[in-house]
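The residues making up each chain are set out below.
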Amino acid sequence: MTRRRMSLRGMSLRKASVLLIVAGLAVGLIGPGISATFTDAVSAEQHINVGTFGCNISHATNGAVISADHKSVAYNAPDIMSSAPGSAPFTFTVSSTGSIPVVLQVTQTTPAAPFTSILGSPVADVVLNQGGTHDYAAGLQWPELTNTNLGMAVSISYSVSCGESGAATTSGDWMQFRFGPTHTGYNPNETTISASNVAGLGVAWTATTGSEIDSSPAVANGVVYIGSYDGKLYAFAVGCASGGGTCTPLWTATTGAGIGSSPAVADGVVYVGSLDRKLYAYAVGCATGGGSCSPLWTATTGGDIWGPPTVAAGVVYVGSGPTLYAYAVGCASGGGTCTPLWTATTGGGIAYPPAVANGVIYVGSQDHKLYAYAVGCATGGGSCSPLWTATTGGAIGNSTPAVADGVIYVGSQDGKLYAYAVGCATGGGSCSPLWTATTGGWINNAPAVANGVVYVGSGDHKLYAYAVGCATGGGSCSPLWTATAGDEMASSPAVANGVVYVGSLDHKLYAYAVGCASGGATCTPLWTATTGDMVVSSPAVANGVVYVGSHDGKLYAYSL
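Residues numbered from 1 in each chain as written. Predicted model: local features only at pLDDT ≥ 70, side-chain atom pairs only at ≥ 80, totals over all residues. Heavy atoms only, no water.

Thoughts on the environment of A195
- Structurally, A195 is set in the loop between β11 (186–187) and β12 (202–208).
- Here A195 falls in the partly exposed class, since its relative accessible area comes to 35%.
- When residues no more than four places from it in sequence are discounted, the contact partners of A195 are N497, G498, V499, A513 and L526. (Helix = DSSP H or I, 4+ residues; strand = E, 2+ residues; numbered from the N terminus. Buried < 20%, exposed > 50% of the residue type's maximum accessible area, 1.4 Å probe, protein only. Contact = heavy atoms within 4.5 Å.)

Rendered as structure tokens:
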């Protein structure tokens, strides 16, 4: 297997916060068909408030767009708070009745005393599909009951969004390979760099690692993370230098072999795979001043990990050899070793990570097949069977599936891009494509999907743009436009604010306008940047900066 690998990153969500203030008891409602229930364990009273919101946070009854909803419910305080000091009278259950997946995050905001926290800091994201439930452990305790605290209000803050977790918020961060778990490679929150000014990009800074970089950057909360074949994960401050200066790392972490995998960041933890057959988890602030970090936990797989991990809904997915592994995000601590929640075996090697969307995991294999698995398809380390498979004409190597608007897009080394409907078969059945598109060389990168267009690079030195509905019934598509580079495109394209960025083995990074041509015409780049060697790393565009790695061992940051 060659060292041409890709990377990973986050998807965008539209969020709303719902604050519920209740005298002595918090009662809530959130999201599309979501209900929050608090149960008084002593009196067995259950207080429920249920409502429905649309996926774009619109009120279902009148369509009025809201950013937050405030409710307060008064109960008889002595009746509610009638348990003994030190008890835990409330359990918290959230259930989904709607058809749209919802990401939920819950935090107790007040009071700090006399109660201990119900939930502590924000808990890991929970994705609820229709009929799904999630139970939070009982935890509301107080040291004593007095007349002064019987009626004390408890505030619970809910963060609600549509789609999968692990996504970037409106800050514009790029937290996983291909932006998020659906792997569209599209950052909808970028507003600084556009087609009108991209030609003004210059090198803001570079950072040197000890070997080649195939890993793609992840950007989260002011830090850029990238792996190198020197076996290290690096963390750099986004503003670590200017004017083309050289950066030193905030910290590094050493694994047992080279890192071709791209890091993923979620809920204060960085995950990365290594060629030592291990998945590593590090705290985001695990060291300072260039110090070295130790992992929170590791997990040993059956083969080298070339591709990035995907993080969604409290689970980390990673491919190794012919096996897909699923690990709970908090599966161990203190450097402990994790065992998988479940595994799934394909007929060939899994070179790149799965995409996760609406309760289904999609992963390509070198056995020429795309596999679909249900989230939670097994427990206790069990083995999963696919919901369906789809056969392509060649191996699916470094082409991570991208999922958008009910369609999965994936490239194959037969030189074709394939489009499949998300529910194209059940019961392990086989799917036929909605359409295919033929390029002039192998496809060894991940497609990007944005605003009705799919972009993919090819071994014929070209970038192709196709309309998402360019054919039906298995038909063949012609491109909207193409663009030619000086060598093969193993880098996966990234799209942000009307610009498509892609790297090439000709040592260059290219930027094209999304509508640069039509009718199959050829586009010229708006901007190019030359690095010291091949660009296999996929660019990340975050908060007005374009980041990419190169085989010259450097991470490059470009800004206006």
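Quick look at the side chain of D367
- Among the secondary structure elements, D367 is positioned in the loop between β29 (360–364) and β30 (369–374).
- One buried charged residue, D367, remains without a salt bridge, the closest side chain of opposite sign being K369 at 5.5 Å.
- Separated by 2.4 Å, the side chains of D367 and Y371 make a polar contact.
- Once residues within four sequence positions are removed from consideration, D367 is found in contact with T346, G347 and G348. (Lys, Arg positive; Asp, Glu negative; His and termini not counted. Salt bridge = Lys/Arg side-chain N within 4 Å of Asp/Glu carboxyl O. Polar contact = N/O pair within 3.5 Å; in protein donor to acceptor, adjacent residues only side chain to side chain.)

Concerning unusual backbone geometry
- One non-glycine residue, D267, lies in the positive phi region at around 50°.
- Here D267 lies in the loop between β18 (264–266) and β19 (269–273).

Description of the pairing of strand β20 (residues 278–283)
- Note that β19 and β20 share five bridges and pair antiparallel. Within the sheet, the bridge partner assigned to V272 lies in β20 and is Y280.
- Linkage of β19 to β20, two consecutive antiparallel strands, is achieved through a turn of four residues, within which R277 is found at a positive phi near 70°.
- Examined bridge by bridge, β20 and strand β22 (residues 297–300) share four bridges and lie antiparallel to one another. Looking across to β22, one finds that L279 is bridged to A299. (Pairing = 2+ DSSP bridges.)

Some points on the packing of aromatic side chains
- Scanning the entire structure with this criterion turns up 25 aromatic pairs.
- Pairing Y510 with Y512 gives two aromatic rings, centres 6.1 Å apart and planes at 5°, and the pair type is stacked. As far as burial versus exposure is concerned, Y510 and Y512 are alike and both buried.
- A ring pair is formed by Y556 and Y558, whose centres lie 6.0 Å apart and whose planes are at 5°; its orientation type is stacked.
- Clustering of aromatic rings is evident, with ring pairs tying together W205, Y234, F236 and Y547. (Phe/Tyr/Trp six-rings, centres within 6.5 Å; stacked < 30°, edge-to-face > 60°.)

As for the sheet that holds strand β16 (residues 245–246)
- The strand order across the open sheet formed by five strands is β16-β12-β50-β49-β48, and the pairing between neighbours is mixed. Where the open sheet ends on each side, the last strands, each with one partner, are β16 and β48 (540–542).

Focus on the state of the cysteines
- Under the definition given, this model contains seven disulfides.
- Here C286 is linked by a disulfide to C293, with a sulfur-sulfur distance of 1.9 Å. Taking the sign of the S-S torsion, about 95° here, the bridge from C286 to C293 comes out right-handed.
- With a relative accessible area of 27%, C286 lands in the partly exposed category. (Disulfide = S-S within 2.5 Å.)

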